[in-house]
Amino acid sequence: PPRSTLFPYTTLFRSRKCAQSYHGTGDLYASTVLGGLMRGLELGEALALAADFIVLCIDATAESNSARWYGVEFESQIPQLCRMLQERLEKKNGIQ
């Protein structure tokens, strides 16, 4: 990942910008970061995991006919979150 010249000890992460926005994404982001840290990811990996998960949830919400009015649709994306977390943990631990 690119390094910031303004903050040289900071790694910048980018994710796809979504056209939509929904209530609950900040809470979900924070929860996913904390969960990743508790499972053993480094902070940068936990942040990247959370960003990727939020994009999946926003996409799922945008495609749903029933979930849009209530907040972000995250429940259907939990299995994908588990897979993404497992892949990152295996990569971190050298397991392929």
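For the structure, see preceding data.
None of these values were measured; they are calculated from a predicted model.

S.K.: Sorry if this is basic, but what is going on with the overall build of the protein chain here?
M.R.: Helices and strands together make up the secondary structure of the protein chain, namely 3 helices and 0 strands. Counting from the amino terminus, helix and strand elements in the protein chain follow one another as α-α-α. When burial is assessed residue by residue, the protein chain has 31% of its 96 residues classed as buried. Partitioning the intrachain contacts of the protein chain with sequence separation of at least 6 by distance along the chain shows that 57% fall at a separation of at least 24. Entry remark: accessible area of the protein chain is about 6,800 Å², with carbon and sulfur atoms responsible for 56%.

S.K.: Looking at this structure, I do not really get a nonpolar patch on the surface. What am I missing?
M.R.: A surface patch of nonpolar side chains, amounting to about 420 Å² of accessible area, comprises Leu34, Leu37, Met38 and Leu43. Among the elements that line the nonpolar patch, the one with the most residues is helix H1 (residues 25–38), at 3 residues. Position of Leu43 relative to the elements: it lies in helix H2 (residues 43–63). Residue class for Leu43 comes out partly exposed when judged on its relative accessible area of 49%.

S.K.: It is not clear to me how the nonpolar core should be interpreted in this structure. Could you clarify?
M.R.: With 18 residues, the main nonpolar core has Leu28, Leu41, Leu49, Phe53, Ile58 and Val72 as its most contacted residues. Only H1, H2 and helix H3 (78–92) provide two or more residues apiece to this core. Among the elements that make up this core, the one with the highest residue count is H2 (8 residues).

S.K.: Hey, could you run me through H2 in this one?
M.R.: In an α-helix there are 3.6 residues to a turn, and that puts residues three or four apart on one side. Taking 1.5 Å as the rise per residue, H2 with 21 residues should run 30 Å; its terminal C-alpha atoms sit 30 Å apart, in good agreement. Residues of H2 that are buried in the fold lie against H1 and H3.

S.K.: Got a minute to help me understand the pattern of salt bridges in this structure?
M.R.: If charged atoms from side chains of opposite charge come close, those side chains can pair. The final tally for this structure, using the stated rule, is 2 salt bridges. A salt bridge links Glu45 to Arg88; the nearest nitrogen and oxygen atoms lie 3.1 Å apart. On the criterion of sequence distance, the pair formed by Glu45 in helix H2 and Arg88 in helix H3 is long-range, its members being 43 residues apart. With a shortest N-O distance of 2.6 Å, Arg88 and Asp52 are connected by a salt bridge. Linking Arg88 in helix H3 with Asp52 in helix H2, this pair joins segments that are 36 residues apart in sequence. What makes Arg88 buried here is its relative accessible area of 17%. The network of salt bridges with shared partners includes Glu45, Asp52 and Arg88.

Each value, and the rule that gives it
- Each chain has its residues counted from 1, running along the sequence as written.
- Local features in this predicted model are restricted to residues of pLDDT 70 or higher, and side-chain atom pairs are both shown and tallied only at a pLDDT of 80 or more, whereas totals for entire chains, interfaces and linings draw on every residue.
- To get the side-chain values, all heavy atoms of the structure are used, and hydrogens and water are removed first.
- Numbering of helices and strands runs from the N terminus, with a helix taken as a DSSP run of H or I at least four residues long and a strand as a DSSP run of E at least two residues long.
- Exposure categories follow from relative accessible area, calculated using a 1.4 Å probe and restricted to protein chains: below 20% of the type maximum is buried, above 50% is exposed, and the middle band is partly exposed.
- Residues are treated as being in contact if the distance between any of their heavy atoms lies within 4.5 Å.
- Areas reported as accessible are Shrake-Rupley estimates using a 1.4 Å probe. Residue values count occlusion only from the protein chains shown.
- Note on patches: the residues involved have over 30% relative accessible area and no salt bridge, like charges join within 9 Å, and the nonpolar side chains Val, Leu, Ile, Met, Phe, Trp and Tyr join within 5 Å.
- We define a salt bridge as a side-chain nitrogen of Lys or Arg found within 4 Å of a carboxyl oxygen belonging to Asp or Glu.
- Residues grouped as a nonpolar core are buried Ala, Val, Leu, Ile, Met, Phe, Trp, Tyr and Cys residues, joined through side-chain atoms within 4.5 Å.
- Given the number of residues in a helix, its expected span is that number minus one, multiplied by 1.5 Å.

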